[in-house]
Each structure stands twice: as C-alpha cells, then as structure tokens.
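# Observations on the three-dimensional arrangement
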Amino acid sequence: MSAIDPHPTAVARPSMSRFQQFYVLTKPRVVQLIVFCALIGMVLAVPGLPSWMQLRQMVVACLGIWLVAGAAAAFNCLVEKGIDARMKRTAWRPTAKNELGDGQTLLFSALLCTGGSVLLYFSVNVLTMWLTLATFVGYAVVYTVILKPLTPQNIVIGGASGAMPPVLGWAAMTGDVGPEAMILFLIIFLWTPPHFWALALYRVEDYRKSGLPMLPVTHGNEFTRLQVWLYTLILFAACLLPFVYGMSSWLYLAVAVVLSIGFCAYGFRLWRNYSDALARKIFRFSLVHLAALFAALLLDHYLL
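So, here's what we can say about the structure. (Residues numbered from 1 in each chain as written. Predicted model: local features only at pLDDT ≥ 70, side-chain atom pairs only at ≥ 80, totals over all residues. Heavy atoms only, no water.)

### What to know about the environment of Ile155
With respect to the secondary-structure elements, Ile155 resides in helix α7 (residues 154-162). Ile155 sits twelve residues away from Tyr143 along the chain, and the two C-alpha atoms are 8.0 Å apart. (Helix = DSSP H or I, 4+ residues; strand = E, 2+ residues; numbered from the N terminus.)

### Topic: helix α8 (residues 165-174)
For α8, the tally of buried residues reaches nine of ten residues, placing the bulk of the element in the interior. Elements in contact with the buried residues of α8: α2 (28-45), α3 (52-79), α6 (126-147), α7 and α9 (179-202). Following α8 by one or two positions, Gly175 has its phi on the positive side, about 80°. (Buried < 20%, exposed > 50% of the residue type's maximum accessible area, 1.4 Å probe, protein only. Contact = heavy atoms within 4.5 Å.)

### Observations concerning the state of the cysteines
Scanning the entire structure with this criterion turns up zero disulfides. The cysteine Cys37 is free of any disulfide, with Cys62 supplying the nearest cysteine sulfur at 11 Å. Residue Cys37 is classed as buried on the basis of its relative accessible area, which comes to 0%. Take Cys239: it sits in no disulfide, and the sulfur closest to it among the cysteines is that of Cys264, at 8.8 Å. Overall, the relative accessible area of 0% leaves Cys239 in the buried class. (Disulfide = S-S within 2.5 Å.)

### Side note on the pattern of salt bridges
Pairing is possible between side chains that carry opposite charge, provided their charged atoms lie close to one another. With the rule as written, the count across this model stands at six salt bridges. Across the pair Asp84 and Arg93 runs a salt bridge, and its minimum N-O distance is 3.2 Å. Residue classification places Arg93 among the buried positions, given a relative accessible area of 12%. Between Arg208 and Glu205 there is a salt bridge whose closest N-O contact spans 3.4 Å. Placement of both Arg208 and Glu205 in helix α10 (residues 204-210) is noted, with a separation of three residues, approximately one turn of the helix. A residue is classified by how much of its surface remains accessible, and Glu205, at 43% relative accessible area, is partly exposed. (Salt bridge = Lys/Arg side-chain N within 4 Å of Asp/Glu carboxyl O.)

### Details of the environment of Glu99
Inspection of the secondary structure puts Glu99 in the loop between α4 (81-85) and α5 (102-123). Here Glu99 is in contact with Arg18, Gln21 and Pro94, once residues within four sequence places are set aside.

### A look at the packing of aromatic side chains
Within the structure shown, the criterion is met by 15 aromatic pairs. Residues Phe19 and Tyr23 carry aromatic rings whose centres are separated by 6.2 Å and whose planes lie at 5° to one another, so their mutual orientation is stacked. With Phe19 and Tyr23 both in helix α1 (residues 18-25) and four residues apart, the pair spans about one turn of that helix. Since its relative accessible area comes to 65%, Phe19 is described here as exposed. Judged by relative accessible area, which is 36%, Tyr23 ranks as partly exposed. Centroid distance Phe196 to Tyr207: 6.2 Å. Interplanar angle 50°. Geometry classified as tilted. Of the two residues, Phe196 sits in helix α9 while Tyr207 sits in helix α10, which places them eleven residues apart along the sequence. On the basis of relative accessible area, Tyr207 is assigned to the buried category, the value being 2%. Taken together, the ring pairs in this structure connect Trp229, Phe268 and Trp271 into an aromatic cluster. (Phe/Tyr/Trp six-rings, centres within 6.5 Å; stacked < 30°, edge-to-face > 60°.)

Rendered as structure tokens:
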C-alpha cells in the first residue's frame, strides 16, 4: 500500500539473525499501516461499541490480513531482488544481499499466505478470504510482475491493491462490501500517487538505475510535480465524501479539511519551487495525513 521509506540513506547495518531476515521481508511498517486501515474499516462497520465476539473477530481478521500482506511483501522482495540490489534504500534487504535463497523466500511467502487464508476462511468469512487473496495477487503479481516494470502509471493502477485494506475490514465484520467501504477505498486509491511520487522525485536516480519506468524517470521532474499537486486536489474532494454520505459528522470534516488544505499547499509549493527536502516533507506529511484522517473517522464514530 505504502512506499514507507524507513532507510533514507545507505548506512552500514548490523548483521541480522535468521528470524530478523525473514521478519524484514514482510515490510513491517508497511503492513502495520495496512492492518491499521483494515481495522478502521472493521470499526466503522460496527454501529456503536463492538461486543466481545466482534472484538475477537477483529483481532483474528487483523492477524489473517497481516499474514497475507506479509506474504505479498516477501514475494515482492523475491521478484525485485535484482532491482533492490541496485537501489540504495533497498540494497540492505536479505534477498538483495542473497542472504536468503529464492526457495526459502518463496516457501516463507507461501506459508504466510496459506496460514492467513485458512485463518480468514474458518474464523472470519469466505468473502474476506477471497478479497484478501485477490489483493495478494493484485500486488504481488499484477503490480510487481506486470505493471511496475512496464508503465509509469504502475502506481496508479496498482494502487487499487493498496487501497483494499478498509474494504477487507468492512467485509470481515459484515460479510459484504458496502458503499462506505468503497469511499474509504477511493480515499486511499487517490492518496497513493502523490504519496509515492513524492518519494520517487527525491529517489529518481535510484529508480533510473533500477530501470523501472517511474513517472519522474519517464516524464521528468516538472510533470511529476504537477501530477502530485493535481492528485492532492482530487484527494481533497474524496476526503469530504464520508461527511457528504453521512458516515461522519463535523469533527471528521474539520480534520479532513485542515489536513487536505495542508496536503494541497505542500503540493502547490512542490510544483512551483522543487527541492528534495520539500519532496521528503511531502512524503512524510502524506503518512501523517492518512493516519490522522482515519483516526479522525474513528474518533468521530465513537464520540458523535
């Protein structure tokens, strides 16, 4: 879902244990954000305070989604190990350094995916299992194997997989996918391009060396900056939908407006006066934007 960049520079890293090597393949910080967004979908799907049975189902669903998301991340590391080895921010990964074999990584991914799918099937519901598996295929195969190396619009099209977590959460609690879940999906779908392209702007040389057709490489810095700003404007409109549809009240609306104005202002500044430092700020602000937006939905749900 997210291009969280926890390793901004290529620094010497201490040796990792075998457990740590497998753990980092799951891209823990990315998966944490995925599970958080799925949990928001679960909470919003339940009117009022959840019962103990519903809380148990939320915990089990979060675990199942975490396992399948971790499996997709590990598969991504396997497929992109050659690319990762050429990029400073990913060269430290165990697959890129050949510290883990292809067979080990593939088996690890398969075990996580199988475990998560079985858990969702028997302890949550069949729809959630199939949607989660579809998300795995969308990210690990359609995005990683097909779209990413072929088109500069990879992050836009592939963003559909990254936007699925709240839909998974909603399905886990209701057994269906309602319009509320699709509104949450739309917000993350439109949030993904400005979030990722901000990273790609200040990491453009890494992507150029990797051979991936990222937008700053294929269309240049200025065009990408314009796209970032335009997407923040469209995202602003999408962030108002929970209030317009009646999912939330004035508390969420106030937070959404403030956050969205900030994101648009950052996007405009980036378009008019680029610097790597500003691109980094926008990338980091985008993470705050999404987390705070969904936290506001959560508070609104319980307080008003």
